[in-house]
Amino acid sequence: MSNIGTIFNVSVFGESHGPAIGAVINGVPQGIKLNMEDIKKEMVRRAPSGGEWSTKRKETDAFEIISGVLDETTTGAPLTMIIRNTDARSKDYENLRVRPRPGHADYTAYVKYQDEHDIRGGGHFSARLTAPIVFAGAVAKQVLAKEKIDIVAHIAAIKECEDTRLNEFALPLLSIKEKLFPVIDDTVGEKMREIIDQARREKDSVGGVIECGIFGLKPGIGGPLFDGLEGALAKGVYGIPAVKGISFGAGFDYTNMFGSEANDAYMIEDAQVRTKTNHCGGILGGISNGMPLIFRIAFKPTPSIGKPQQTVDIDKNEETIIEIKGRHDPCVLPRAVPVVEAVSAIIILDEILKTRKEI
Ligand SMILES: Cc1cc2nc3c(=O)[nH]c(=O)nc-3n(C[C@H](O)[C@H](O)[C@H](O)COP(=O)(O)O)c2cc1C
């Protein structure tokens, strides 16, 4: 299924080279005055930027709202938006139906859907479908802004090159959003860009880590066991193409700590219960504790690379070599940052509505 959320529910539709892609959002609170310029800015952050780390495909992502908004204000009815596809070069994909790209969804889509799968541009598996997700996230962010909740993500690592961590970084975090290459430390960002550019020149690709922080979330959101915030966020985040891991707070680093180091000691700050450290990443027992909710996401290298790779010819039942043509991102992370923020906004808004029934 291509939808997520219980109350704030986002359903994504379309194929990369079909007439249009889009989203239907149910459960949008009524009476929210939408700032269309801010939504457009979010779409631009995800669209190909022209930077050396980005595909040369031209995706303007101009959207049209066809229901649920009147005079830029939400009506409470399903909000439907579409983006018409304009820059499709379907011939780049003709061979992939029987010669699947290693690392992409071509083979599994073939097994599941056989000849009915729309292979052009990756069809419904294309990362182009993240554009309507960013739109829905931008709407969710504007609802969350009423609660003074901010969501910020950055590129935390490209291969071995690491940015400053969010927990250590003082506000204002929102300035990261203005950056074409979203990192906290621009010197590290330069090195990351060199790593990506070198991979691109060698017809290769690289992956890395995106870290996301949700600031201003009150304690008490979420639930125990299978209703936990970690599970809800993980489900959303795994819907983003190329995601292969997620960890909350200290994550796997917990395995090297003693309990005395791992536990976050409580304190009173401004008459509020806070913790001195935030190893748990703002979640205990699946429920927010009022500290920043921090998590890290592992992205694999872009599957479509120009280097010759071994694949199979399904029709002939024999091994063969594939050299992928077409315009691909040598690293998906710079464009995935707003997608991570968007999915987080959708999930957190839904969790707040599930817990409190209103916002
Ligand atoms: C923002 C973004 C851009 C992407 N761009 C490309 C691309 O240009 N070429 C490509 O092969 N994969 C790209 N991907 C990744 C594929 O869509 C993804 O690896 C594929 O659908 C298989 O899904 P999986 O990696 O989650 O198993 C991109 C992913 C994201 C999030």
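Conventions used here
For every chain, the first residue of the written sequence is number 1, and numbering continues from 1 along that sequence. At least 70 in pLDDT is required for a residue's local features to be given in this predicted model, at least 80 for side-chain atom pairs to be given and counted, and no such filter applies to totals for whole chains, interfaces and linings, which use all residues. Hydrogens and waters are ignored; side-chain quantities use all the structure's heavy atoms. Near residues are defined by distance, with any heavy atom within 4 Å of the molecule or strand qualifying the residue. Residues adjacent in sequence count toward polar contacts only when both atoms are side-chain atoms; beyond that, a polar contact is any pair of N or O atoms within 3.5 Å, and within protein one must be able to donate a hydrogen and the other to accept it. To be clear on the numbers: accessible area is Shrake-Rupley with a 1.4 Å probe, and residue cover counts the displayed protein chains and nothing else. Gly counts as polar in this scheme, as do all residues outside two lists: the nonpolar Ala, Val, Leu, Ile, Met, Phe, Trp, Tyr, Cys and Pro, and the charged Asp, Glu, Lys and Arg. Take a side-chain nitrogen of Lys or Arg and a carboxyl oxygen of Asp or Glu: if they are within 4 Å of each other, that pair is a salt bridge. Accessible area is worked out with a 1.4 Å probe on protein chains only. A residue is then buried under 20% of its type maximum, exposed over 50%, and partly exposed in between. The helix and strand labels rest on DSSP assignments: H or I over at least four residues marks a helix, E over at least two residues marks a strand, and numbering proceeds from the N terminus. Strands pair, by our definition, only if DSSP identifies at least two bridges between them. By this rule the span expected of a helix is its residue count minus one, scaled by 1.5 Å. In what follows, a contact means two residues having at least one pair of non-hydrogen atoms within 4.5 Å. Joining through side-chain atoms within 4.5 Å is the link that ties buried Ala, Val, Leu, Ile, Met, Phe, Trp, Tyr and Cys residues into a set, and such a set is a nonpolar core. Candidate patch residues must exceed 30% relative accessible area and have no salt bridge, after which like charges are joined if within 9 Å and Val, Leu, Ile, Met, Phe, Trp or Tyr side chains if within 5 Å. Axes here refer to lines fitted to C-alpha atoms; in helices the fit is confined to the stretch in contact. Angles between the N-to-C directions go from 0 to 180 degrees. Crossing handedness is defined as follows: a turn of the near helix away from the far one that is anticlockwise and smaller than a right angle gives a left-handed crossing, while the clockwise case is right-handed. Should an angle lie under 35 degrees it is considered roughly parallel, over 145 roughly antiparallel, and from 65 to 115 roughly perpendicular; all remaining angles are considered oblique. Comment: arc refers to directions from the helix axis out to C-beta atoms.

**Q** Just to check I follow, could you spell out the site of the ligand for this structure?
**A** Around the ligand, 16 residues are found, and the nearest of them are Ala242, Lys300, Ser304, His328 and Asp329. At a separation of 2.5 Å, an oxygen atom of the ligand approaches a polar side-chain atom of Ser304. Measuring from a nitrogen atom of the ligand, one finds a side-chain N or O atom of His328 at 2.8 Å. Alone, the ligand offers 640 Å² of accessible surface; in the complex the protein occludes 90% of this. Of the residues that constitute the shell around the ligand, the class distribution is eight nonpolar, four polar and four charged.

**Q** Just checking my understanding: could you explain the pattern of salt bridges for this structure?
**A** Where side chains of opposite charge bring their charged atoms close, a pairing between them can arise. The full count for this structure, using the stated rule, is 20 salt bridges. Ionic pairing is found between Lys179 and Asp186, a salt bridge with its closest N-O pair at 3.1 Å. Asp186 gets classed as partly exposed once you look at its relative accessible area, which sits at 45%. Across the pair Asp204 and Lys307 runs a salt bridge, and its minimum N-O distance is 3.4 Å. Remark: Lys307 occurs in the loop between strand E16 (293-299) and strand E17 (309-313) and Asp204 occurs in the loop between helix H4 (186-201) and strand E10 (208-215); sequence separation between them is 103 residues. Looking at Asp204, the relative accessible area reads 25%, which means it is partly exposed. Relative accessible area serves as the criterion here: at 34%, Lys307 is assigned to the partly exposed category.

**Q** Explanation requested: the sheet that holds strand E4 (residues 63-67) in the structure shown.
**A** Hydrogen bonds along the backbone pair up the strands of a sheet, which may run parallel or antiparallel. Taking strand neighbours across the sheet as the criterion, the five strands line up as E1-E2-E3-E7-E4 in an open arrangement whose pairing is antiparallel. Every interior strand has two partners, whereas the edge strands, strand E1 (3-4) and E4, have only one. Across four bridges, E4 lies against strand E7 (residues 79-84) in antiparallel orientation. Counterpart to Phe63 in the pairing with E7 is Ile83.

**Q** Explain the sheet that holds strand E11 (residues 243-248) to me, please; I cannot follow it from the model alone.
**A** Read across the open sheet, the five strands follow the order E9-E8-E10-E16-E11; overall the sheet is antiparallel. The open sheet has two edge strands, strand E9 (161-162) and E11, and neither has a second partner.

**Q** Explain H4 to me, please; I cannot follow it from the model alone.
**A** In an α-helix there are 3.6 residues to a turn, and that puts residues three or four apart on one side. Helix length check: H4 (16 residues) gives 22 Å between terminal C-alpha atoms against 22 Å at 1.5 Å per residue, within 8%. Residues of H4 that are buried include every one of Val188, Gly189, Met192, Ile195, Ile196, Asp197 and Ala199, and no others. Those residues of H4 hidden inside the fold are in contact with strand E8 (150-158) and E9. Residue Asp185 occupies the N-cap position of H4, its side-chain oxygen lying 2.9 Å from the main-chain nitrogen of Thr187. Two residues or fewer past H4, Lys203 is found with a positive phi of approximately 55 degrees.

**Q** What should I look at first to understand the nonpolar core in this one?
**A** Inside soluble globular proteins, nonpolar side chains tend to come together where they are buried. Membership of the largest hydrophobic core comes to 78 residues, with the highest contact counts inside it found for Phe8, Phe135, Ile158, Leu217, Leu293, Phe295 and Phe299. With 14 residues, helix H7 (residues 333-356) is the single largest residue contributor to this core. Dropping the residues within four chain positions of it, Phe295 is found in contact with Ile210, Glu211, Cys212, Ile214, Leu233, Val237, Ile246, Ser247, Phe248 and Ser344. Counting residues in hydrophobic clusters, the runner-up holds six residues, among them Val152, Leu166, Ile184 and Ile294.

**Q** What am I meant to see in a nonpolar patch on the surface here?
**A** Residues Tyr266, Ile268, Val273 and Leu284 make up a contiguous nonpolar surface patch of roughly 450 Å² in combined accessible area. You can call Leu284 partly exposed: its relative accessible area is 42%.

**Q** Sorry if this is basic, but what is going on with the packing of helix H1 (residues 36-46) against helix H3 (residues 130-145) here?
**A** Remark: H1 packs on H3, axes separated minimally by 9 Å, with the N-to-C direction vectors making an angle of 145 degrees. Crossing handedness for the pair H1 and H3: right-handed. Here Asp38, Ile39, Glu42, Met43, Arg45 and Arg46 of H1 lie close against H3, whose contacting residues are Thr130, Ala131, Val134, Phe135, Ala138, Val139, Lys141 and Gln142. Counted by class, the contact of H1 with H3 contains seven nonpolar, two polar and five charged residues.

**Q** For this particular structure, what's the right way to read the packing of H3 against H7?
**A** Think of two packed helices as two axes; the pair is described by the angle between the axes and how far apart they sit. Contact geometry of H3 with H7 gives a least axis separation of 7 Å together with a crossing angle of 50 degrees. Considered as vectors, H3 and H7 are oriented oblique to each other. Here H3 runs over H7; the crossing is left-handed. Two secondary-structure elements touch here, H3 through Thr130, Ile133, Val134, Ala136, Gly137, Ala140, Lys141, Val143 and Leu144 and H7 through Pro338, Val339, Glu341, Ala342, Val343, Ala345, Ile346, Ile348, Leu349 and Ile352. Grouping the amino acids of the contact of H3 with H7 by side-chain chemistry returns 15 nonpolar, two polar and two charged.

**Q** Would you mind showing me how to read helix H2 (residues 106-113) here?
**A** Inspection of H2 places Asp106, Ala109 and Tyr110 among the buried residues, and these make up the whole buried set. Relative to the axis of H2, the buried residues are bounded by an arc of 105 degrees and lie together on one face. Counted as exposed and oriented over 90 degrees from the buried face of H2: Thr108 and Lys112. Phi turns positive one or two residues past the end of H2, at Gln114, with a value near 50 degrees.

**Q** Would you take a moment to explain the pairing of E8 for this structure?
**A** Within a regular strand, side chains alternate between the sheet's two faces. Among the nine residues in E8, eight count as buried, and that is most of the element. In the sheet, E8 pairs with E10 via eight bridges, with the strands oriented antiparallel. Note on E10: the bridge partner recorded for Val152 is Gly213. Following E8, the chain reverses through two residues before pairing antiparallel with E9; Lys159 in that reversal takes a positive phi of roughly 50 degrees.

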